[in-house]
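Spelled out from the first residue to the last, the chains are:
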Amino acid sequence: SVVICCHGFAGRKTSSSTLKLAKRLTELDDSVAVLSFDLPCHGDDASPVLSLERCDAYIGSVIAYAREKLGAKSLYANGISFGGYLLLKYISEHGSPFERISLRSPAVPMYSVLTSHVMTEENRELLSKTGACEVGFADKVRITPTLTEGLAAADITKRDFSQYRDRLLLIHGTEDEIVPYDAVVAFAEKNGLRLITVPGADHRFTSPEHMALAIKKATEHLK
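Residues numbered from 1 in each chain as written. Predicted model: local features only at pLDDT ≥ 70, side-chain atom pairs only at ≥ 80, totals over all residues. Heavy atoms only, no water.

Colleague: I'm lost on the overall build of the protein chain in this one. Help?
Modeller: The number of helices and strands found in the protein chain is eight helices and eight strands. A compact globule built from 223 residues should have a C-alpha radius of gyration of about 17 Å, and the protein chain, at 16 Å, falls within 12% of that. Across the 223 residues of the protein chain, 52% fall into the buried class. On the protein chain, the mean spot of the 26 positive side-chain charges and the mean spot of the 28 negative ones are 4 Å from each other. (Helix = DSSP H or I, 4+ residues; strand = E, 2+ residues; numbered from the N terminus. Rg over C-alpha atoms; globule rule 2.2 N^0.38 Å. Buried < 20%, exposed > 50% of the residue type's maximum accessible area, 1.4 Å probe, protein only. Lys, Arg positive; Asp, Glu negative; His and termini not counted. Charge placed at Lys NZ, Arg CZ, Asp CG, Glu CD.)

Colleague: Any chance you could explain the packing of helix 1 (residues 16–28) against helix 8 (residues 208–222) here in plain terms?
Modeller: What describes two packed helices is the angle between their axes and the distance between those same axes. Where helix 1 meets helix 8, the axes come as close as 10 Å, and the angle between the chain directions of the two elements is 45°. In this view, helix 1 runs oblique relative to helix 8, as classed from their interaxial angle. In this structure, helix 1 meets helix 8 at a crossing whose hand is right-handed. Where helix 1 approaches helix 8, its residues Ser17, Lys20, Leu21, Arg24, Leu25 and Leu28 are matched on the opposing element by Met211, Ile215, Lys216, Ala218, Thr219 and Leu222. By residue class, the composition of the contact of helix 1 with helix 8 is seven nonpolar, two polar and three charged. (Axes fitted to C-alpha atoms, helices over the stretch in contact; angles between N-to-C directions. Parallel < 35°, antiparallel > 145°, perpendicular 65-115°, else oblique. Left-handed = near helix turned anticlockwise from the far one by under 90°. Contact = heavy atoms within 4.5 Å. Nonpolar A, V, L, I, M, F, W, Y, C, P; charged D, E, K, R; others polar.)

Colleague: Even after reading the chapter, I still don't get the sheet that holds strand 2 (residues 33–37), so can you show me in this structure?
Modeller: What holds strands together in a sheet is hydrogen bonding between their backbones, with the strands either parallel or antiparallel. Taken in spatial order, the six strands make up an open sheet running 2-1-3-4-7-8, and their pairing is parallel. The strands lining the two open edges of the sheet, one partner per strand, are strand 2 and strand 8 (194–198). Strand after strand, the sheet turns through a mean of 15° between neighbouring axes, direction not considered. Bridging between strand 1 (residues 2–6) and strand 2 involves five bridges; their strand directions are parallel. Bridged to Val3 within strand 2 is Val34. (Pairing = 2+ DSSP bridges.)

Colleague: Would you take a moment to explain the state of the cysteines for this structure?
Modeller: Two cysteines joined by a covalent bond between their sulfur atoms form a disulfide. Under the criterion given, the structure shown has zero disulfides. Cys41 takes part in no disulfide bond, and the closest cysteine sulfur, belonging to Cys55, lies 8.1 Å away. Here Cys133 stays free of any disulfide, with the sulfur of Cys41 as its closest cysteine sulfur at 12 Å. (Disulfide = S-S within 2.5 Å.)

Colleague: What is the right way to look at unusual backbone geometry in this model?
Modeller: With glycine set apart, most residues show a phi of negative sign, and most peptide bonds adopt trans. The phi dihedral of Ser105 falls on the positive side, at around 50°, and the residue is not glycine. When you line up the elements, Ser105 lands in the loop between strand 4 (98–104) and helix 4 (110–118). With a phi angle near 50°, Phe205 is a residue other than glycine that sits in the positive phi range. Here Phe205 lies in the loop between strand 8 and helix 8.

Colleague: Before we go on, may I ask you to explain the packing of helix 2 (residues 52–68) against helix 3 (residues 82–94) in this structure?
Modeller: Two numbers describe how helix 2 lies on helix 3: the axes approach to 10 Å, and their chain directions differ by 80°. The angle between helix 2 and helix 3 places the two elements in the roughly perpendicular class. Contacts between helix 2 and helix 3 involve Leu52, Cys55, Asp56, Ile59, Gly60 and Ile63 from the former and Phe82, Tyr85, Leu86, Leu87, Lys89, Tyr90, Glu93 and His94 from the latter. Along the lines of polarity and charge, the residues of the contact of helix 2 with helix 3 split into nine nonpolar, two polar and three charged.

Colleague: Can you walk me through the pairing of strand 6 (residues 140–143) in this structure?
Modeller: As a general feature of sheets, a regular strand has side chains that alternate between the two faces. Only one face of strand 6 is covered, namely the one carrying Val141 and Ile143; the face carrying Lys140 and Arg142 has none of its residues buried. Two elements, strand 5 (residues 133–136) and strand 6, share four bridges in a ladder whose sense is antiparallel. Pairing of Cys133 across the sheet is with Ile143, part of strand 6. With antiparallel pairing between neighbouring strands as the criterion, strand 5 and strand 6 make up a hairpin whose turn holds three residues.

Structure, rendered in structure tokens:
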């Protein structure tokens, strides 16, 4: 089995939570491999433009690599925030190659998350005036209208994921300051998806206790 991990916006393939999940999964079963990769314009990737089409192509390439190079007999996926949005978008457009998918703090309303909760007023003005700006947290990502327009058009909250209710697990904190908890609750209820609520957890699950719980629940779902 191969578990493909998709990190969040302005994150990278070596995020601490991904490494913790990989350690937990491989300790439990040494036949499991965990495959993490940098999204376009993230981490060590040198892509010039961040677009949903390029993200989609990367996910497809990683799936092909897992099957063809690693000989994966079964695929699983774990997504965080923007990575969760991208995995949901991917399966809605291509069908799911994954047996199960675990999503922590999934940014289901990604357009509003990016433009209202991640971008600053200065970012928005710069994007409007120059057509580009650097957005993010510790790491920054260059975005253009190619991304924001793509996100506005690809609103996954309006898509039907009910056929994946037995495969999808959502984990979300009540104190998420980036992705509104109520938006994820509404998305889960609309599609009949299992949602584990973590009281007091913020977007990054910075509390060690909250992170440990999230890793435990994701592992149980994916193993």
